[in-house]
Amino acid sequence: MNLRAIAAIYRFEMNRFFRTLLQSFLSPVLSTSLYFVVFGAAIGSRINQVEGVSYGAFIVPGLVMLSVMTQALTNASFGIYFPKFIGTIYELLSAPVSFPEIVIGYVGAAATKALFIGTVILVTANFFVDLSVAHPVAMVAFLLLTCLSFALMGFIIGIWAANFEQLQLVPLLVVTPLVFLGGAFYSVSMLPPVWQKVTLFNPVVYLISGFRWSFFGAADVPVGFSLLAIGAFTAICLGVIWWIFRTGWRIRD
Amino acid sequence: MPAILTIRDLRKTYAGGFEALKGVSLEIERGEILALLGPNGAGKTTLISTVCGITTATSGHVTVDGHDIVTDFRAARALIGLVPQEVALEPFEKVRNTVRFSRGLFGKPRDDARVEEVLRRLSLWDKRDAQIKELSGGMKRRVMIAKAMVHEPRILFLDEPTAGVDVELRKDMWEIVAEMKAAGVTIILTTHYIEEAEAIADRVGVIDRGELLLVEEKDTLMKRMGRKQLIVELTAPIEAIPEALARHRLTLAPDGRHLVYTYDTHAERTGITALMNDVAAAGLVLCDVQTRQSSLEEIFVDLVGRKAS
Ligand SMILES: Nc1ncnc2c1ncn2[C@@H]1O[C@H](COP(=O)(O)OP(=O)(O)O)[C@@H](O)[C@H]1O
Ligand SMILES: [Mg+2]
């Protein structure tokens, strides 16, 4: 293991984040506050309670998941795509670094950034609503696994993308709709019966449901399914990465 | 001592089906400077990229100090520093961080003194906290060199290091190459400037269309190349070369008006003065004198041309 290389990649990636720290910090604070003003105060005053929780509190886990997923995904995909785009990847390829080490460096940094932003949102939300966490260990585990798995997926997208359009395609056309339709702002039980069935095909439902369960102890789907879903998702991403590693797909000519 | 770099029958066919390397074999001695000379598209960059791990070989074997570049890539690559042909740098990062990053990537412990030494050597110390995007083109090239040197490689690849760089940097680069050679580093550089190969290389390899046409000691090449011809044009034609000029081994052109004298520019005495004295003593009257050189360029063009036809 070239641990120094992993540390170098990780630090280099985090530098990119620190260069724009203010923006990295302010934008989640601002967007969370806006969500609370719009959803929490305006709409929430008409909804009152969902599953025994105030609507303001109910949307917090969904909000965190929404940001964490998109941040992990975009940071990781950009992180590895950018060196391909500007040509600095030559150095990664010619260094005594293995592909798994490259993955750990980039995915680790992207997951860290997402975790940071998730935490900022949780703290900000705490100013607006009273949050209690029923299962803290599960909460942290769900958060970490989500950061990690979406960063892995982002890494794959970054390797796959041949241009900036493709880089944005998957987050825009696949992930954002799935997350919005994944019950971030509503409970599945609030949907018409048909849609309750359809929505179960959306993997994000399981993640948000599980995460919400760790806060309030109530869930749309059994928490075991949620764990299974995120475990399976992580495994699929790792499998694809392993395949890329074997074949050198889109990395080495 | 065994060669530090051994390339055996290396072939590279790109995905599109283009065969960029057609079985290159080459041994590079420890501590030598090898210049790979070849026209654009010859396969110089492909050769370097394959040895360094940027592209994968279609077939063939490469070992670096005994380490196979595929099965033992860590040990092999740790010994190599690469300055690629194109400048590629993260524009928003600071000079010092970029160089520090390279050292870490190669598994070396952080060493700020070494980073400072390298940056100073490349006249970048004043710019250490500048973002890459604030640097001039020449400075960016210097950063590329700093990145390749900072992990103390034993083999340095320079892919067209002086293409389009200013005189200052070219001079610096040659000095650095000399210093590194003195420190025992093996250097492989590609160029299509013959003077560059002449100036610094120990051996010269000529590559064209994916084939290595020759690898020779520079001095041997220089001897071939160093032959010069002095052509003496006479006002009136002569039948034969006068006896008094016999020792100069001249040839007389069929028109009887041109005497051709071949000499070695690197010899201590070229014999030109003696020849001129003898020509005057023989009573020949000159109307013109000219010299021709068979340059490495000529040898090169000749070689490449012969292969092509
Ligand atoms: N990635 C690639 N895919 C397909 N062909 C390539 C690729 N890179 C280089 N080539 C081709 O291989 C040949 C050798 O290129 P290169 O090694 O860059 O030559 P040189 O460095 O000597 O100018 C050229 O004909 C070039 O077009
Ligand atoms: Mg080239």
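Keep in mind the model is a prediction, meaning the values are calculated, not measured.

Asker: Please provide a residue-by-residue account of the overall build of chain A, values included.
Answerer: Looking only at helices and strands, chain A has ten helices and two strands in total. Going from N to C terminus, chain A has its helices and strands arranged as α-α-β-β-α-α-α-α-α-α-α-α. Taking 18 Å as the expected radius of gyration for a compact globule of 253 residues, we find that chain A reaches 19 Å, a close match to that expectation. Within the span of chain A, comprising 253 residues, buried residues form 50% of the whole. Long-range pairs, those at least 24 residues apart, make up 79% of the contacts in chain A between residues at least 6 apart in sequence. Taken as a whole, chain A presents about 11300 Å² of accessible surface, with 72% of it coming from carbon and sulfur.

Asker: Lay out helix H3 (residues 55–86) of chain A in plain terms, naming residues and giving numbers.
Answerer: Residues and elements named next belong to chain A. Over its 32 residues, H3 runs 46 Å from end to end, which matches the ideal 46 Å to within 8%, given 1.5 Å per residue. At proline 61, H3 shows its maximal bend, which comes to roughly 25°. Immediately beyond the C-terminal end of H3, within one or two residues, lies glycine 87, with a positive phi of roughly 95°.

Asker: Could you give me a rundown of the pairing of strand S1 (residues 5–13) of chain B, with the residues and numbers involved?
Answerer: Residue and element names in this part refer to chain B. Alignment of S1 against strand S4 (residues 59–64), held across five bridges, turns out to be antiparallel. By the bridge assignment for S4, leucine 5 is matched with valine 64. Pairing of S1 with strand S2 (residues 19–28) involves seven bridges; the strand directions are antiparallel. Across the sheet, isoleucine 7 pairs through a bridge with leucine 26, a residue of S2. Linking S1 back to S2 in an antiparallel pair, the connection comprises five residues, with glycine 17 at a positive phi of about 100°.

Asker: Mind laying out the UniProt feature "transmembrane region" (unreviewed entry) in chain A, listing which residues take part and the relevant values?
Answerer: Residue and element names in this part refer to chain A. According to UniProt, the "transmembrane region" (unreviewed entry) feature falls on residues 20–43, 55–82, 102–128, 140–162, 168–188 and 225–245. End-to-end, the C-alpha atoms of residues 55–82 are 40 Å apart, and along that stretch the chain is 100% helix and 0% strand. Annotation note: span residues 140–162, helix share 91%, strand share 0%, distance between end C-alpha atoms 35 Å.

Parameters and conventions
Residues numbered from 1 in each chain as written. Chains lettered and ligands numbered in written order. Predicted model: local features only at pLDDT ≥ 70, side-chain atom pairs only at ≥ 80, totals over all residues. Heavy atoms only, no water. Helix = DSSP H or I, 4+ residues; strand = E, 2+ residues; numbered from the N terminus. Rg over C-alpha atoms; globule rule 2.2 N^0.38 Å. Buried < 20%, exposed > 50% of the residue type's maximum accessible area, 1.4 Å probe, protein only. Contact = heavy atoms within 4.5 Å. Areas by Shrake-Rupley, 256 points an atom, 1.4 Å probe, with all protein chains shown as cover. Expected span 1.5 Å × (residues − 1). Bend = angle between axes of the 7 residues up to and from the residue. Pairing = 2+ DSSP bridges. UniProt positions renumbered as here; feature names shortened; annotations may be inferred.

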